[in-house]
Amino acid sequence: MNIAYGRLANTTIGILCMIFMVAPLVLVVLFSFGSSSLMTFPIRGFTFGWYGALMARDDFWSALANSATVTGAVGVAATVIGTAAAMVIVRLRPRQSAAAFFLFGLPMMMPPLVLALALLSLFSVLGVKLSLVTVVLAHLTFTMPFVILIVTARLRDFDYAVIDSARDLGASPLKTFLTVTFPLIRPTLFGAALIAMALSLDDFVITFFLIGGGNTLPTLVWGMLRTGLDPSINALGTLILLLTIGSSALALRLTRYRG
Amino acid sequence: MNAEPLVRLQGLAKSYGIYRAVHPLDLDFHEGDFLAILGPSGCGKTTLLKMLGGFVEPSEGAILIGGRDVTRLPPEKRPTNMVFQGYGLFPHMTIRQNVGYGLRIAGTPRAEVDARVRDMLALVQMEAFADKLPPQLSGGQQQRIALARALIMRPKVLLLDEPFAALDLKLRQAMQEELRRLHAEIGGTFVFVTHDQAEAMLLATKVVVMSRGKVEQVGTPEEIYLRPKTHFVSTFVGEANFLKACRRLARVSIEGAFAFDDAGPDGDVLVGVRPEKVRLGAAAARCDHRFSGTVTQRIFLGAQVQYTVRLQNGETFIACLQEGDLLPGDSIDVGWMSADQWVVTP
Ligand SMILES: Nc1ncnc2c1ncn2[C@@H]1O[C@H](COP(=O)(O)OP(=O)(O)OP(=O)(O)O)[C@@H](O)[C@H]1O
Ligand SMILES: [Mg+2]
């Protein structure tokens, strides 16, 4: 009896937590389709109008272009560099690889605000002008650790006999990578890239400090909030939500262990 | 046997830090040899094989294949091919693509690749599986594909690391037979690593016994079994009885028993005899060397009966006979022929 009640209590708490976490997101999505410009219940009509209003803004398109540039560059660079790092790490001795993990993982564990400040001072000391490039570099510091973690995990249970076999059968190291290693880790790499992109896409703090001029989608949200609460913000929020969740879900599918 | 060896290892050694995995060794073997590297776990067999294949860089010494120094060549430039312990099949390629991989890398024309893959699959009796993926195959089938994938390259030396270790007894026997058939059919030089002395005896024309990174003995299975040169080899390749003896001036004597000539340094030695070479009772009367003793144990092993006999000097002997109706407590003569004994240092 007691056990059954305990079970029930657990389930209830779980469901309440879920509601608490998901409800705000649901509200954003609901209000983005509500025809009233006041964000209040009951929601009356259904409309795509706020999306239309959003698309009509010039700053939306430039922010979208900036976000796409940053996200794309971060996805490619984090994956390429992170994979190279992971390939080195798996060959290290246990103690060294733990140290390497800690070092690479630091930016991931640091508060974004501190990281942003640190990078900002670094760039100003170096005299680097703030731009999308500095944003991309900054995003690499906290997205790459994820790539390294994911790819290292894949490489750890990689059957190295296939690499030795390929070399044995006459393939050069490059040919071995192209015909054997890469095809085998490709899903993981795509997954890692998508996760890096999802992290990069919805970053606000670091981008805000390092972009100099212009906007990405998250900083645009912030800018729009300052000028008044307009439901097209909800439209934008929903858009970001969709992109982030979509790429994360796809990433999970791709990196999932098989067999 | 032609004079020029196909493979010559000169002072080949491997150290990991201060740890010597393989001590300097010299070894020659010839075209057509079926060589077994035999030894207990951790003795350096895999390290030696991987040096041959180019996967472990030797710390010292040289490897010559067909007179050419290949010591510093990477695996893809060596005339060797290897069957790895875990097979190392490419899981994203079909069996056909796996077997054809080496030829495709070498730029062999498509038609020739296809033909040779077909022949190879026929040779290992796996034609029906050509379009399957490796994970869909059983262990024994994967083993055949790994073999086919290496053999299609027509290596000067085929290297196999514990090829049958992962298979159950029945399948292991079948695959051993298969490998023997392949060697007989296509010829070539095979080198395989094993810790199973029966497997080494069964397949090899030449056995290299290793212990703790050192080569203990190289010889035919008969030599290794009947004329072991060290105490380790004596016990590793089969059961052995030992009698304590002493050698002075090239004469070995067992106190209060007998003596015989045997060249070698002075000192304590052991005289070894295999249990199945020991005769009991009337049969012992015609033997070169005799002791009297008492049966202490009788174990029926099906094809054989194993007796434990305490000798008059207190040592224990094991004898394996085809049959026998001796019982514990019986007094019995124990004997063996000079030709069946060997001498090693303890
Ligand atoms: N990369 C390495 N670094 C350090 N030591 C190693 C390395 N590879 C092998 N060794 C050591 O060298 C010794 C010989 O290893 P090897 O793999 O050749 O043994 P083996 O005879 O094949 O044993 P097994 O029958 O268990 O496979 C072992 O003690 C092993 O711990
Ligand atoms: Mg081994």
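The coordinates are above.
For every chain, the first residue of the written sequence is number 1, and numbering continues from 1 onward in sequence order. Chains and ligands are labelled sequentially in the order written, the chains with letters from A and the ligands with numbers from 1. For a predicted model such as this one, the threshold for reporting local features is a pLDDT of at least 70, and the threshold for listing and counting side-chain atom pairs is 80 or more; totals across whole chains, interfaces and linings nevertheless cover every residue. Note that water and hydrogens are dropped before the side-chain values are worked out from all heavy atoms of the structure.

K.L.:
Please give an account of the overall build of chain B that cites residues and values.
P.N.:
A count of helical and extended segments in chain B gives 9 helices and 20 strands. Overall, chain B is about 75 × 45 × 40 Å in size when its C-alpha atoms are taken along their principal axes. Remark: exposure states derive from per-residue accessible area (1.4 Å probe, protein chains only) relative to the maximum for the residue type, with buried under 20%, exposed over 50%, and partly exposed in between. Within chain B, the fraction of its 346 residues that count as buried is 50%. Accessibility throughout is a Shrake-Rupley quantity obtained with a 1.4 Å probe, and a residue counts as covered only by protein chains that appear here. Element-wise, carbon and sulfur atoms account for 51% of the exposed surface of chain B, whose accessible area totals about 15800 Å². Helix and strand assignments follow DSSP, with helices taken as H or I runs no shorter than four residues and strands as E runs no shorter than two, numbered in order from the N terminus.

K.L.:
Now, about the interface of chain B and chain A: what can you tell me, with residues and values included?
P.N.:
Facing 21 residues of chain B, the contacting portion of chain A comprises 19 residues. A quick way to say it: buried area is the sum, across both parts, of accessible area lost when two parts are put together, with a 1.4 Å probe. In total, chain B and chain A occlude about 1600 Å² of area from one another, counting both sides; carbon and sulfur atoms represent 63% of this. Per-residue buried area on chain B facing chain A is highest for Glu76(B), Tyr101(B) and Ile105(B); these three make up 34% of the total on that side. Every case where a carboxyl oxygen of Asp or Glu lies within 4 Å of a side-chain nitrogen of Lys or Arg is listed as a salt bridge. Applying the counting rule to chain B against chain A returns 1 salt bridge. Between Glu76(B) and Arg167(A) there is a salt bridge whose closest N-O contact spans 2.8 Å. Polar contacts, as counted here, are pairs of nitrogen or oxygen atoms within 3.5 Å of one another; within protein the pair requires one atom able to donate a hydrogen and one able to accept it, and residues that are adjacent in sequence qualify only if both atoms are side-chain atoms. At the boundary of chain B with chain A, the tally comes to 7 residue pairs in polar contact (both at pLDDT 80 or more). When contributions to the side of chain B that touches chain A are tallied by element, the ones reaching two or more residues are strand S6 (80–83), helix H2 (95–105) and helix H4 (139–151) of chain B. All amino acids are sorted into three groups, where Ala, Val, Leu, Ile, Met, Phe, Trp, Tyr, Cys and Pro are nonpolar, Asp, Glu, Lys and Arg are charged, and the leftover types, Gly among them, are polar. A class-by-class count of the residues in the side of chain B that touches chain A yields 14 nonpolar, 5 polar and 2 charged. Any two residues having at least one pair of non-hydrogen atoms within 4.5 Å are treated as being in contact.

K.L.:
Explain the state of the cysteines to me, and be specific about the residues and the numbers.
P.N.:
Only a pair of cysteine sulfur atoms within 2.5 Å qualifies as a disulfide here. Counted by the stated rule, this structure contains 0 disulfides over all chains. Just so you know, Cys287(B) is unpaired, no disulfide at all, and the nearest cysteine sulfur is the one on Cys320(B), 15 Å from it.

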